[in-house]
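Fold and geometry: a report
One letter stands for each residue in the lines below.
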Amino acid sequence: MREEMAQREAAELLRGHRKPRSPHGWGLLVALWLLAFYEPVVTEGHLRRKNLEFIFIRFSAWEFAGCDKLWAGLVTTLCHRIRQHFGALPLSVFHVLGSRPRFASGFSQREWVLKRGTCLRLWGLLLVLAAGVAIVLVAVLVPGIKEHHALKVVGSAVASLSGSSLVLGALSILKNFVVSEKKKIERLTDSDRFAGQLGFMSKIRDEVEVLVDFLAFMEVFERRRLRVVLEITSLDLCYPEKVAGVFNAMATLLSDANAPFIFLLAVDPSVIVPCLEQTGCMKGLADNGYLYLNRAVTLPFSIPEMGSRSRLRSVEAAIQTREDLMYRIIAGNVAKTRCARRRCAASASPAAPGWKEADSEAVAWIHEAFRCLHDGSDVLSRYLPENGANVRRIVNTIPITLRLLLHRRRAALAAPPSPRAAAAWVVLADRWPCRLSWTLQCLQDSGPAPGHRSLWNVFQEHVGELSALKQALGKVLSLDDDPELFRAFLARDFPFGAGEAREFLGVTVNLDHSIRQQMGLLRALARL
């Protein structure tokens, strides 16, 4: 969208159109002058303008999840960001003196028309003020008239009335400058009578209409189209009634056909639809949340399946957030660490490793596991999830798992699995928690098993029993990803055995063990 803005701006300048202006610096004085004494006119030339500016406003619903009315947070964020973008003074003056642009009659190209009524009223007040001041001065200074108190009273009254009108206008501007639209709405929502206030929504609507009119004024002033883009995120983390409130606020803001708002709604429909169906906004739509979404969203864009290159970029971004691992420094120092380890191994009787040596070994293992995830030629990278949150979970879990494995190895004096195998186990537990828990529970219930027995064979032997319990385990089963990928993972690419599973189970921190306990209880009840 920013590239589109720049391209359109350059194209308009090549056509010979006037350069856009900004309400900052000297442009602020011009804007205030036009706000006070001129009325904007939408001409044919303005409608033909192709250049535009997007004003991006990010609204994270999770930040306002504690509010009584989440949609009020959306409106206050909109008001606050627009006030920040254009400045408080132009918006305050517009509240008192501004007017919505009117359409030109015919093909006139005049974009600004003098407010004759405003100018006449101002000149009239100034003349009356000057006359009142002159009468007071004459009554005070001219000899022979000083004794006439009536003249002083008349002059003072005239000057006070005219001056008070000017002062009231200035105070109104100052009030709107100090008390922003955001504070007005927050004051209304904080009131004890908020739930029973009559006309509350009309007040909110009035504030939004003022913003829309102000944006229309600034379009003519800046000589370009303006569009406010609200990016709504984290809505699938909020309560159902708050989700419905945000949709109602969007409908309120978009009720005007000429409203300059664009909503980018980034949500997971599988989470949002049940939230909508739990509220009362589904009446008349057969309780169908998907139908409601289809009517509310005018341009659906479902993100396609992530390619291998995008997956690797997601992993790299997640790894770089781990500042404690210093990923870039580690990448440059791994060779030095390996050389130092070889020199230590050449000694006749090495001493027990201290905490520094153990930590450096753990760092080297973590780097090796991350290299396998980030290597496009490694089959493990194909099993990475598309969801960025799941990728971060995997990246955060791998270091803990490897450090626990190394600690257990030093305690048992046994060789641990490779870093690649540990990373694969973490991916397995993250992507298929239900099927893995079922396999581990069946393995535990079957008693001691040979270490080379494949986990895939265990799952195949008891998959019929899992199918019989799918109604009781429906919500847990919904956590799993593609079953075909699970088969390929365990049967072909990473054929973990029973021995490896027992070793990994003690250090598996990203698998909810309560799932396995629930499965064990269901199996025991089914056998009664």
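So, here's what we can say about the structure. Small disclaimer: the values here were computed from a predicted structure and weren't measured.

**Things to note about the sheet that holds strand β5 (residues 225-233)**
In any sheet, the strands associate via hydrogen bonds between backbone groups, in a parallel or an antiparallel arrangement. Spatially, β2-β5-β6 is the arrangement adopted by the 3 strands of the open sheet, whose pairing is parallel. What marks the edges here is a single partner per strand, and that holds for β2 (52-60) and β6 (261-265). Here the average twist between neighbouring strands, direction ignored, is 20°. Two elements, β5 and β6, share 5 bridges in a ladder whose sense is parallel. Residue Glu 231 lies in a different strand from β6, and its bridge partner there is Leu 264. Against the sheet, helix α10 (residues 240-253) engages β5 and β6, with an angle of about 155° to β6.

**A look at a nonpolar patch on the surface**
A surface patch of nonpolar side chains, amounting to about 620 Å² of accessible area, comprises Leu 89, Val 167, Leu 168, Leu 171, Leu 174, Phe 177 and Val 178. Considering every element that reaches the nonpolar patch, the biggest residue donor is helix α7 (residues 149-178), with 6 residues. When you line up the elements, Val 167 lands in helix α7.

**Overview of the pattern of salt bridges**
According to the stated counting rule, one finds 22 salt bridges in the structure shown. Where Glu 53 meets Arg 224, a salt bridge forms, and the shortest distance between an N and an O atom there is 3.4 Å. With Glu 53 in strand β2 and Arg 224 in the loop between α9 (200-222) and β5, this residue pair connects regions lying 171 residues apart in the sequence. Judged by its relative accessible area of 12%, Glu 53 falls in the buried class. The shortest N-O distance in the salt bridge between Glu 231 and Arg 58 comes to 2.8 Å. Linking Glu 231 in strand β5 with Arg 58 in strand β2, this pair joins segments that are 173 residues apart in sequence. Judged by relative accessible area, Glu 231 falls into the buried class, the value being 17%. One salt-bridge network, held together by shared partners, links Glu 9, Glu 53, Glu 222 and Arg 224.

Calculation criteria
- Residues numbered from 1 in each chain as written.
- Predicted model: local features only at pLDDT ≥ 70, side-chain atom pairs only at ≥ 80, totals over all residues.
- Heavy atoms only, no water.
- Pairing = 2+ DSSP bridges.
- Helix = DSSP H or I, 4+ residues; strand = E, 2+ residues; numbered from the N terminus.
- Axes fitted to C-alpha atoms, helices over the stretch in contact; angles between N-to-C directions.
- Contact = heavy atoms within 4.5 Å.
- Patch = residues over 30% accessible without salt bridge, like charges linked within 9 Å, V, L, I, M, F, W, Y side chains within 5 Å.
- Areas by Shrake-Rupley, 256 points an atom, 1.4 Å probe, with all protein chains shown as cover.
- Salt bridge = Lys/Arg side-chain N within 4 Å of Asp/Glu carboxyl O.
- Buried < 20%, exposed > 50% of the residue type's maximum accessible area, 1.4 Å probe, protein only.

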